[in-house]
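# Working through the structure, step by step
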Amino acid sequence: MIKPENRSCYEFFCDCTKDFGVYDVAESFGNLVSRKKFVKDIESIAGYLDGKNIKKGDVVTIFLPNTVQSFAAFYAINRIGAIANIVHPLTPPDVLEEILRNTHSKAIFILDIIMEKYVSMLRRRNKPVIVCSPSDYAAPIMRPAFKIFEKVKVKEKTPSSTTASYHTICHLNFQAPKIQSSGDDIAVFLHGGGTTGKSKTIRLTNSNLNELAYKLSFFDAPHAPGAECSLAVLPLFHAFGLGVVMHFSMCAGFTCIPMTNFSAEKANRLIKKYNVTYIVGVPAMFKKMYDASNFDGPHLSKLRLLWAGGDFISDIFLNAFNSKLEKWNAKGKLYRGYGLTEVSSVCTANIKGSYKDNSIGRPLDGITVEIWDDDKNKLPPNTIGEIVISGSTVMAGYYDSEDDGVYVDENGTRWVCSGDLGYMDEDNFVFFTGRKKRMIIISGYNVYPNDIEQEVLKLDYINEACAVQGYIDSKPVIKLFVSLTQPTNNPEETAKVIKEYCNQKLEN
């Protein structure tokens, strides 16, 4: 992989792959999408956005699950120097509207099958809406990936009418302008982070994401472009999904297979069907794949790049998972990694030849990890303190916040204080021990109980609230306990009302 230098993410992708020849960058519904078509769609939608007077530094929202369209949308936005504001596609309308307003978003990409409940809000905003369909890249259609629906002139209770006024842009031949983007330009807003126990919007630059892809390339092995596939399970609103799963895969010449909804059985089938060699996910995902009846088999021999992060994973499970891989002489093992959105995701990882039990690995090349006390003094080896990170993947800072989340020391070095506790041994292996502040991780996504409690306490009939982690059928969930100001004769109905309120006001 080439060095990132001072490129935008789209320039880096194009320059990394320009000499790869003809190959497929992605798969959708069993259809392979060539690099040529992918780039053509990117250029066309970038030209459309430019024609709507969306310029360098403006914000465009991506409100999509993992699809080829979400990949192309990111690069198209980046192509014109705009900022991709990537939002969880289950976000309620009220919360989405607040995000759009706070980020001054000038357009939005949305999936047609979820659009109905957002119509009123989109009508109020009256900004360009680029509508994507799951069938856009499906045979025998393979039609252009983007449809424009600017005025949102649909009837809210007539879902079928949401497709009535679209027009496609492929044959309009929009030409993307020449944009001078630098590595220091902001590439993306990601939400839901915040190392201090409060959700924040994180600003990552082009260089942050390109440097991450470049550092990960040292773990890779030479392979023909398009000959190996990556299974893209983690969504783009997740830093691991954007930087590690999508951007690195694209720049390294993998064929990226996005999963809109994760299913363990389907993931295992895709490994069998395609030459999937690269998977990054959260521990719960790998656990479900392992427990599925179709996990075991000779297809496991292809796997060579596997990392789990975003939550605790035990050595007991790692050993069980890897014993299955060893049974079929797999080329790799499942390793534990660690990272956070504020440093563009992964910053430490175990790899072949550099591994210790229970550790989250050593820092990536060019990344510095230290352990500090509360006065920001570096602690000696094997002493528990806060994990802090510096390097070229450290974020530009939080958006629209008095605290930008970056500490600059007396030497001018920029650090992110993770809010996580751990220690580092004499060999620079890092060990995670816990959180400094209340936070619950659900499938790799940070959830802050205080945010939930403060929102629920706005209801005048709730006296106290406490959110904790629970489990339903082994799946981690948030459980909310409340006390009421007055007794209720119908607790079931009250609980239902509170739950509906949470669904409207909080990210799902």
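Residues numbered from 1 in each chain as written. Predicted model: local features only at pLDDT ≥ 70, side-chain atom pairs only at ≥ 80, totals over all residues. Heavy atoms only, no water.

### Concerning the overall build of the protein chain
Helices and strands together make up the secondary structure of the protein chain, namely 12 helices and 27 strands. Summing over all exposed atoms, the protein chain offers an accessible surface of approximately 22000 Å²; the carbon and sulfur share of this is 50%. (Helix = DSSP H or I, 4+ residues; strand = E, 2+ residues; numbered from the N terminus. Areas by Shrake-Rupley, 256 points an atom, 1.4 Å probe, with all protein chains shown as cover.)

### Some remarks on the packing of helix H1 (residues 9–17) against helix H2 (residues 35–51)
In contact at an axis separation of 13 Å, H1 and H2 are set at 155° when each is read in the N-to-C sense. Relative to H2, the element H1 lies roughly antiparallel. Pair H1 / H2 crosses with left-handed handedness. Two secondary-structure elements touch here, H1 through Tyr 10, Phe 13, Cys 14 and Thr 17 and H2 through Arg 35, Phe 38, Val 39, Ile 42 and Glu 43. (Axes fitted to C-alpha atoms, helices over the stretch in contact; angles between N-to-C directions. Parallel < 35°, antiparallel > 145°, perpendicular 65-115°, else oblique. Left-handed = near helix turned anticlockwise from the far one by under 90°. Contact = heavy atoms within 4.5 Å.)

### Focus: helix H8 (residues 264–273)
Those residues of H8 that sit buried are Ala 264, Ala 267, Asn 268, Leu 270 and Ile 271. In a view along the axis of H8, the buried residues occupy a sector of 155°, so they form one face of it. The secondary structure elements touched by the buried residues of H8 are strand E11 (229–232), strand E12 (255–258), strand E13 (276–281) and helix H9 (283–291). (Buried < 20%, exposed > 50% of the residue type's maximum accessible area, 1.4 Å probe, protein only. Arc of directions from axis to C-beta.)

### Overview of the packing of aromatic side chains
Enumeration according to the criterion identifies 24 aromatic pairs in this entry. Both rings, one in Tyr 10 and one in Tyr 75, keep their centres 6.3 Å apart while their planes meet at 50°; by these two values the pair is tilted. Placement of Tyr 10 in helix H1 and of Tyr 75 in helix H3 (residues 68–79) is noted, with a sequence separation of 65 residues between them. Taken together, a centroid distance of 4.8 Å and an interplanar angle of 5° make the contact between Tyr 423 and Phe 431 stacked. (Phe/Tyr/Trp six-rings, centres within 6.5 Å; stacked < 30°, edge-to-face > 60°.)

### Digging into the pairing of strand E10 (residues 200–205)
Put simply, side chains in a regular strand alternate between the two faces of the sheet. Taken across its six residues, E10 has five buried, putting it largely inside the fold. Pairing of E10 with strand E20 (residues 397–398) involves two bridges; the strand directions are antiparallel. Residue pairing in the sheet places Ile 202 in a bridge with Tyr 398 of E20. (Pairing = 2+ DSSP bridges.)

### Looking at the pattern of salt bridges
Going through the model one piece at a time under the given rule, you end up with 20 salt bridges. Asp 50 is the partner of Lys 55 in a salt bridge, and the nearest nitrogen-oxygen pair spans 3.2 Å. The partner of Lys 56 in a salt bridge is Asp 185, and the shortest N-O contact between them spans 3.3 Å. In this pair, Lys 56 is assigned in the loop between H2 and strand E3 (59–63) and Asp 185 in the loop between strand E8 (167–168) and strand E9 (186–193), connecting sequence segments 129 residues apart. One continuous salt-bridge network, built from bridges that share partners, spans Glu 5, Arg 7 and Asp 15. (Salt bridge = Lys/Arg side-chain N within 4 Å of Asp/Glu carboxyl O.)

### Here we look at the packing of helix H6 (residues 206–216) against helix H7 (residues 239–252)
Viewed as axis vectors pointing N to C, H6 and H7 meet at an angle of 65°, and their least axial separation amounts to 9 Å. Taken together, H6 and H7 sit at an angle that is classed as roughly perpendicular. The handedness of the crossing between H6 and H7 comes out as right-handed. From H6, Leu 209, Asn 210, Leu 212, Ala 213 and Leu 216 reach across to H7, where they touch Leu 242, Gly 243, Val 244, His 247 and Phe 248. Taken together, the residues of the contact of H6 with H7 break down into seven nonpolar, three polar and no charged. (Nonpolar A, V, L, I, M, F, W, Y, C, P; charged D, E, K, R; others polar.)

### Examining the environment of Lys 56
Classification of Lys 56 as partly exposed rests on a relative accessible area of 43%. Distance in space between the C-alpha atoms of Lys 56 and Ile 77 is 9.2 Å, their sequence separation being 21 residues. What Lys 56 contacts, discounting residues up to four positions off in sequence, is Ile 80, Gly 81, Ala 82, Ile 179, Gln 180, Ser 181 and Asp 185. At 3.3 Å, the side chain of Lys 56 forms a polar contact with the side chain of Asp 185. (Polar contact = N/O pair within 3.5 Å; in protein donor to acceptor, adjacent residues only side chain to side chain.)

### Here we look at the nonpolar core
If you look at the biggest cluster of nonpolar residues, it comprises 120 residues, and the most contacted ones within it are Phe 13, Phe 38, Phe 74 and Phe 109. Setting aside residues up to four positions removed in sequence, Phe 74 forms contacts with Cys 9, Ile 62, Ala 84, Ile 86, Ala 187, Val 188, Leu 209, Leu 242 and Met 246. Core analysis: the next-biggest nonpolar cluster, separate from the first, contains 15 residues, Phe 63, Leu 100, Ile 110 and Leu 122 among them. (Core = buried A, V, L, I, M, F, W, Y, C linked by side-chain atoms within 4.5 Å.)

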